[in-house]
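# What the coordinates show
Each chain, written out:
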Amino acid sequence: MNSQANTCKMPVSCGLCEKNAILKRPKTGDALCKDCFYHAFETEIHQTIIDAELFKRGETVAIGASGGKDSTVLAHVMKVLNERYDYGLNLFLLSVDEGISGYRDDSLETVKRNQQQYDLPLKIVSYEELYGWTMDKIVEKIGLKNNCTFCGVFRRQALDRGAVLVNADKIVTGHNADDIAETVLMNILRGDVARLRRCTAITTGNEGFLPRCKPFKYTYEKEIVMYAYFKKLDYFSTECIYSPNAYRGHARTFLKDLEKIRPSTIIDIIHSGESLSIKKDVKMPTQGTCNQCGYISSHTICKACVLLEGLNKGLPKLAIGKSHKARKKLGLGLLPVRRKEEKFQRPTDNVVKQTADF
Ligand SMILES: [Zn+2]
Ligand SMILES: [Zn+2]
């Protein structure tokens, strides 16, 4: 049969069933048919969820949904696995509207279609409502340089705030294996040992705060694209119109080049990151809560509040700089960090009130 296949150019058969293979799995090189690929892809994610004990029955899980390929596939797979394996989870789509016209408004339309397609409830929180600033207005003030700093810091907190509004127990994000390998590389290149230690964790912020999980931790980006393509999932594929993170871009290109030569590079870097042990004398940030907004922070006042204060005082560039200097100059005190509570505390009433009425 095999020798015949070589000489007669018979179609390659699926490594797992009788059908013809139509793809080569990027992660393993296996020739598979569509159905066996779906099954392998979904089962691996299920296994990751089970091995890491990511969820408990009855939990409300907010799926960070941007309309992009990763979060669209995540929403689809979470829904499929929740039903197939009876996880008993209450799933939500949670989107952040950064206020970037021509980019986010279009991708939000995709999320709204996903809401219909997957029949999941959707909550959208916007920068405008949370902070009084859209990214368009922020870019008007500070230009294209550094705007990603604002966006990244605000988005992270906006997801937390949205998750609190829908009473979520956890947030899941579409970060995939490539993203995590990139982050490991970047932290090594920058010598950021504290982040290097945390960046391969499948769940973060679980020490008293709303946990964030990455069910795609071991899932290759190429396979996510393949899955979305064969399943004909509806996603939005335009890059953000504002400046990309250049440094991450270099790490990404480097990693993609290595992947071409050796596909296991991505998983190998993650495994290296997981196995690193950090010297005891490396200073780790103390995680507490922000005195101003009540959300997670390693300082008295969180970075989001510092950035916001900078914007509101007309000193946005100052706020980007060294955190302690910025805090001082903006008149935000330097009190000791409020220690984290034993269990995740819903942020202070006034914050919830501030954000609850939209
Ligand atoms: Zn098959
Ligand atoms: Zn704050």
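Only a predicted model underlies this, so the values are computations on that prediction, with no experimental measurement involved.

### Overview of the coordination of the zinc ion (ligand 1)
Each protein donor to the zinc ion (ligand 1) is listed here as C14 (SG), C17 (SG), C33 (SG) and C36 (SG); together their distances run 2.3 Å. One can describe the donor arrangement at the zinc ion (ligand 1) as tetrahedral, given that its four donor atoms subtend angles of 103 to 116° at the metal. The sequence pattern formed by the donor residues of the zinc ion (ligand 1) is C-x2-C-x15-C-x2-C. For C33, a relative accessible area of 3% puts it in the buried group. Using a relative accessible area of 14% as the deciding quantity, one classes C36 as buried.

### Overview of the coordination of the zinc ion (ligand 2)
Protein-derived coordination of the zinc ion (ligand 2) comes from C290 (SG), C293 (SG), C302 (SG) and C305 (SG), at a distance range of 2.3 Å. Binding-site remark: the zinc ion (ligand 2) is held by donors from one chain whose sequence spacing is C-x2-C-x8-C-x2-C. Taking the relative accessible area as the measure of exposure, C302 reaches 4% and is therefore buried. Residue classification places C305 among the buried residues on the basis of a relative accessible area of 10%.

### Overview of unusual backbone geometry
For residues that are not glycine, phi is negative in most cases, and the peptide bond is trans in most cases. Phi angles above zero are rare outside glycine, and D119 is one such case at about 55°. Within the secondary structure layout, D119 lies in the loop between α4 (104-118) and β5 (122-126). Positive phi, close to 55°, is recorded for K232, a residue that is not glycine. You can see K232 is positioned in the loop between α10 (221-230) and α11 (246-261).

### Notes on the pattern of salt bridges
One pass over the full model with this rule turns up 28 salt bridges. For R57, the salt bridge goes to D86, with nearest N and O atoms at 3.1 Å. Of this pair, R57 sits in the loop between α2 (34-51) and β3 (60-64) while D86 sits in the loop between α3 (69-84) and β4 (90-97); the two residues are 29 residues apart in sequence, bridging distant segments of the chain. Overall, D86 belongs to the partly exposed group, its relative accessible area being 49%. In this structure, K170 engages E59 in a salt bridge whose closest nitrogen and oxygen atoms are separated by 3.0 Å. One end of the pair, K170, is in strand β6 (residues 170-172); the other, E59, is in the loop between α2 and β3, and 111 residues separate them in sequence. You'll find K170 and E59 in the same group, each marked buried. Residues joined in a network through salt bridges with shared partners are K69, D70, D178, D179, E182, E221, R248, R252 and K256.

Rules of the game
Residues numbered from 1 in each chain as written. Chains lettered and ligands numbered in written order. Predicted model: local features only at pLDDT ≥ 70, side-chain atom pairs only at ≥ 80, totals over all residues. Heavy atoms only, no water. Donors = N, O, S within 2.8 Å, 3.2 Å for Na, K, Ca; no water. Tetrahedral: all angles 85-135°; square planar, octahedral: opposite > 155°, others 65-115°. Buried < 20%, exposed > 50% of the residue type's maximum accessible area, 1.4 Å probe, protein only. Helix = DSSP H or I, 4+ residues; strand = E, 2+ residues; numbered from the N terminus. Salt bridge = Lys/Arg side-chain N within 4 Å of Asp/Glu carboxyl O.

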